[in-house]
Amino acid sequence: MPVTRTTRFLGVDLAWGQRHRSGVAEVTPDGALVEFGERTTDDELIDWLGPRCEGPVVVAFDAPLVVVNPTGSRPAEQTVGHLFRRQHAGCHPTNLGRPGFADGGRAARLARRLGLDTDPRAGGDRTALEVYPHAALVALLELDLILRYKDRPGRDLTFRRSEMLRLMDGLESLAAAAVPLRVAADPRWQEVRAAVTAAPTKAALSRVEDSIDAVVCAYVGLHARRRPERTALCGTLTDGYIVSPVTAEMAARLPAVRAAGHPAVLWGRGETEVMTDPLTPAAVDEALTDLTEWRGADGMLLAAYAADTAADALALVAAIGQVAEELNHHPDVDWRYDRVFVATTSHDVGRQLTARDLALAERITALARAAAVTAVPDEARPGA
């Protein structure tokens, strides 16, 4: 869907039931905050959303839109949990067995009533997206840890107020982002900021929390359309998805995330370029916390494996060759009787590491574990 001057970007921080407040917000295509507030029942939400959904629109729901799994969690939730786990941005599990989801859930019902397309990449001009503010804020503000402004045990008034002001400061700072968000000039925003600053109780903070989250939702919808090369679709269209901004380093890690069994793709067409971008030392160090069987040295990832027999070692070499062909990225492999030494780098970018090397390392790790071959990282070295 192309972004036009008439496209509306709406956010809904949706409560799971009709007895609790849901936040609503609208931003313009150039990122100016138009309105934000709260509604409660489905009819109240439809009264607010309906007139705003008559033309080109993106409605970003912080609530599941596609739920088909009878139990457990959706692949989307597992992927977000994997991608953002260091920042503690995990999602609540959703399934058809949970109350209110037998027919797909509240967001799906609202989207149907509004006639919105829930396929975010179909190209229609009236679209609903599922988003997750905690993860989005981690990427947008490049946080080391989620903002903990929600009411949870152990979080007192002073702590929650501080975190909520950090949230508002962060959103105001996005006025200078590649996709700007302009909230500071809105009178209602300043009223909410004053209310947060002077909040006498945690309940007073909770009364404005949902509307602020709705602003985040609306902005994520805008960001997805304006900067698709930095937006990930986590999960699948058939099993449920979550759309989230990602940092450059997260975008580079998506191939390795997929290799680990978690579906995720970049929304835009820039993934090929991201795959060949050299990784920063920080990104390599972060990846190696997962790739415990590998070590980095001189622009390479190195691993070594010990097999029970030479035949088992040769079988691993053959399996690595098949994966290398599949990924079109070929490591150096050295077979020494019952030992296999692997070294991967990206020669086409000057012998540096790229996302292709991470994806290959993930796949080789899975092969070795399936073959019951023992990793011996202390023996890892470049091939002879």
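(A) Fine view of helix α1 (residues 42-52). When α1 is considered as a whole, its buried residues turn out to be D42, L45, I46, W48, L49 and R52. Close packing links the buried residues of α1 with β1 (8-13), β2 (22-27), β3 (33-39), β4 (57-61) and α3 (106-114).

(B) Highlighting unusual backbone geometry. Phi is positive for H88, close to 65°, though the residue is something other than glycine. Examined against the element boundaries, H88 turns out to sit in the loop between α2 (75-83) and α3. Residues other than glycine seldom take positive phi values, yet Y337 does so here, at roughly 55°. Counting through the fold element by element, Y337 comes out in the loop between β11 (332-336) and β12 (339-344). Residue class for Y337 comes out exposed when judged on its relative accessible area of 60%.

(C) View of empty space enclosed by the protein. In this structure the tally under the stated criterion is 3 cavities of 30 Å³ or more. For the lining of the largest cavity, the per-class residue count stands at 5 nonpolar, 1 polar and 3 charged. Its boundaries defined by the atoms lining it, the second largest cavity holds a volume of some 60 Å³. As for the second largest cavity, its lining consists of L14, W16, A63, P64, P99, G100, F101, G105, R106 and A107. For the lining of the second largest cavity, the residue count by class is 7 nonpolar, 2 polar and 1 charged.

(D) Highlighting the sheet that holds strand β7 (residues 240-245). Strand order in the open sheet made by the 3 strands is β7-β6-β8, with antiparallel pairing throughout. Each edge of the sheet is formed by a strand with only one pairing partner; in this case those strands are β7 and β8 (264-266). On average, each strand axis in the sheet is tilted by 20° relative to the strand beside it, whichever way the strands run. In terms of strand pairing, strand β6 (residues 231-236) meets β8 through 3 bridges, oriented antiparallel. In the sheet register, C234 faces β8, and the bridge partner there is A264. Its contacts with the sheet place helix α7 (residues 202-226) against β6 and β7, and it is angled at close to 85° to β7.

(E) The arrangement of the packing of helix α6 (residues 187-197) against α7 in detail. α7 packs onto α6 with a crossing angle of 140° between their chain directions and a minimal axis gap of 10 Å. The angle between α6 and α7 falls in the class oblique. The handedness of the crossing between α6 and α7 is left-handed. Seen from α6, the contacting residues are W189, V192 and V196; seen from α7, they are L205, V208, I212 and V215.

(F) A look at the layout of surface pockets. Roughly 790 Å³ of internal volume is contained in the largest pocket. Lining the largest pocket are 34 residues; nearest its centre among them are D62, H92, Y132, K150 and R152. Of all the secondary-structure elements, those providing two or more residues to the lining of the largest pocket are α4 (133-141) and α7. Counting residues per element, the lining of the largest pocket draws most heavily on α7, at 4 residues.

(G) Geometry of the packing of aromatic side chains. What the rule picks out here adds up to 2 aromatic pairs. Taken together, a centroid distance of 5.8 Å and an interplanar angle of 45° make the contact between F36 and W189 tilted. Here the residue F36 occupies a position in strand β3, and W189 occupies one in helix α6, the gap between them amounting to 153 residues. A relative accessible area of 0% means that W189 is categorised as buried. Residue placement shows R381 over the ring face of F341; its charged tip is 3.8 Å from the ring centre.

(H) Expanded view of the environment of A355. Its location among the elements puts A355 in helix α12 (residues 355-370). Assessed through its relative accessible area of 0%, A355 is described here as buried. C-alpha of A355 to C-alpha of V284: the two residues are 71 residues apart in sequence and 9.5 Å apart in space.

What counts as what
Every chain's residues receive numbers from 1 upward, in the order its sequence appears when written. The predicted nature of this model means local features are confined to residues of pLDDT at least 70 and side-chain atom pairs, given and counted, to a pLDDT of 80 or more, with totals for whole chains, interfaces and linings taken over all residues. Hydrogens are left out, water is left out, and the side-chain values use all remaining heavy atoms of the structure. Three exposure classes are used, based on accessible area relative to the maximum for each residue type with a 1.4 Å probe and protein chains only: buried under 20%, partly exposed in between, and exposed over 50%. A run of H or I in DSSP becomes a helix once it reaches four residues, and a run of E becomes a strand once it reaches two; helices and strands are each numbered from the N terminus. Working rule for contacts: check all heavy atoms of both residues, and any pair within 4.5 Å makes them a contact. Here a cavity denotes a set of grid points, spaced 1 Å apart and computed over the protein atoms alone, in which a 1.4 Å probe fits but from which it cannot get out, and a pocket denotes an open set meeting protein on both sides within 12 Å along at least five of seven lines; residues with an atom within 4 Å of a point are reported as lining. Grid points are joined across faces, edges and corners, and a volume is the space filled by probe spheres set on the points. Just so you know the grouping, Ala, Val, Leu, Ile, Met, Phe, Trp, Tyr, Cys and Pro go in nonpolar, Asp, Glu, Lys and Arg go in charged, and all remaining residues, Gly too, go in polar. At least two DSSP bridges between two strands are required for those strands to pair. Angles shown run from 0 to 180 degrees and are taken between the N-to-C directions of axes, each axis being a line fitted to C-alpha atoms and, for helices, limited to the stretch in contact. Each angle is binned into one of four classes, with values under 35 degrees roughly parallel, values over 145 roughly antiparallel, values of 65 to 115 roughly perpendicular, and all other values oblique. In this scheme, a crossing is called left-handed if the near helix is turned counterclockwise away from the far one by less than a right angle; it is called right-handed if the turn is clockwise. Aromatic pairs are defined between Phe, Tyr and Trp rings, using the six-membered ring for Trp, whenever the two ring centres lie within 6.5 Å; interplanar angles under 30 degrees are classed as stacked, those over 60 as edge-to-face, and all others as tilted. Counting as a charge over the ring demands two things of the Lys NZ or Arg CZ atom: a distance within 6 Å of the ring centre and an angle within 35 degrees of the ring normal.

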